[in-house]
Amino acid sequence: CPSLINIKTMNGQTSLPRTTSTNSPVARLRTASATKLLSLLLLLTLPAMVQAQFNYTTNNGTVTITGYTGPGGTVIIPSTILVNDVFLLVTSIGYEAFNSNMSLTNVTIPDTVFTIADFAFYNCTKLTSVSIGNNVLSIGHSSFSSETSLTGVTIPNSVISIGQDAFHGCTSLT
């Protein structure tokens, strides 16, 4: 745009002015381009970083989450995990997968999950809310027990089995 960038013609060639000012349009354009490129690179690596926060096992082409090593807070369990260059569905949360994790505050379980095993989220005392995916069929024994901060849980109509003491000791749950 001629009003923003002075284009100089030397020997019949058009070139952008060289400047050391960070306030020049060219410098701002370079900074904006570098920022966009960095953002894109971070976005592309995000799934791998998120995946690295979960321990898992595979069985018949599906994934069971068996542990969590991330920073806590709000955790969104992925619906797929890349295993040997193939995305596999996360279909279950394993036995004691998040047991006694004191850093969890909110958990979202994807629609790909069918089973939440016994003691999966037992004694996560800072967990305040859980959103359970629409295809979960069973919630295991004591899977959410002793979560004294838990105030909200969404249980979909797909659930056909809730284990004994699944929400035992959830004193803030109404």
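The coordinates are above.
Fair warning: this is a prediction, and the values are worked out from it, not measured in the lab.

Description of the nonpolar core
The biggest cluster of nonpolar side chains holds 31 residues, and the ones touching the most others in it are Ile77, Ile93, Phe98, Ile116 and Phe121. When contributions to this core are tallied by element, the ones reaching two or more residues are β4 (62-68), β6 (80-83), β7 (86-93) and β8 (104-108). In this structure, Ile93 is in contact with Thr64, Ile65, Ile77, Phe98, Val113, Thr115, Ile116, Ala117, Ala120 and Phe121, ignoring residues within four places of it in sequence.

Some remarks on the environment of Thr64
Relative to the helices and strands, Thr64 resides in strand β4. Separated by 31 residues in sequence, Thr64 and Tyr95 have C-alpha atoms that sit 9.5 Å apart. Ignoring any residue separated from it by four or fewer positions in sequence, one finds Thr64 in contact with Asn55, Tyr56, Thr57, Ser92, Ile93 and Gly94.

Quick word on the sheet that holds strand β10 (residues 129-131)
Taken together, four strands build an open sheet; the order of strands is β5-β8-β10-β12 and the sheet is parallel. On the outer flanks of this sheet lie β5 (73-76) and β12 (152-154), each paired with one strand and no other. Strand after strand, the sheet turns through a mean of 15 degrees between neighbouring axes, direction not considered.

Details of the pairing of β4
Of all seven residues making up β4, five are buried, and the element is well covered by its neighbours. In this antiparallel pair of consecutive strands, strand β3 (residues 54-59) and β4, the connection spans two residues, and Asn60 shows a positive phi of 55 degrees. The sheet contact formed by β4 and β7 spans four bridges and is parallel. When the sheet's bridge partners are listed, Thr64 is paired in β7 with Ser92.

Examining unusual backbone geometry
In the Ramachandran plot, Ser142 falls in the positive-phi region, its phi being about 55 degrees despite a non-glycine side chain. For Ser142, the position within the fold is in the loop between β11 (138-139) and β12. Backbone geometry at Ser146 places phi at a positive 65 degrees, although glycine is not the residue there. Mapped onto the elements of the fold, Ser146 is located in the loop between β11 and β12. Judged by relative accessible area, Ser146 falls into the partly exposed class, the value being 21%.

Some remarks on the environment of Gly94
Note on placement: Gly94 falls in the loop between β7 and β8. The buried category is assigned to Gly94, whose relative accessible area is 7%. Along the sequence, Gly94 and Phe119 sit 25 residues apart, while their C-alpha atoms lie 8.5 Å from each other.

Analysis parameters
Residues numbered from 1 in each chain as written. Predicted model: local features only at pLDDT ≥ 70, side-chain atom pairs only at ≥ 80, totals over all residues. Heavy atoms only, no water. Core = buried A, V, L, I, M, F, W, Y, C linked by side-chain atoms within 4.5 Å. Buried < 20%, exposed > 50% of the residue type's maximum accessible area, 1.4 Å probe, protein only. Helix = DSSP H or I, 4+ residues; strand = E, 2+ residues; numbered from the N terminus. Contact = heavy atoms within 4.5 Å. Pairing = 2+ DSSP bridges. Axes fitted to C-alpha atoms, helices over the stretch in contact; angles between N-to-C directions.

Remember, this is a structural readout, not a statement about activity or role.
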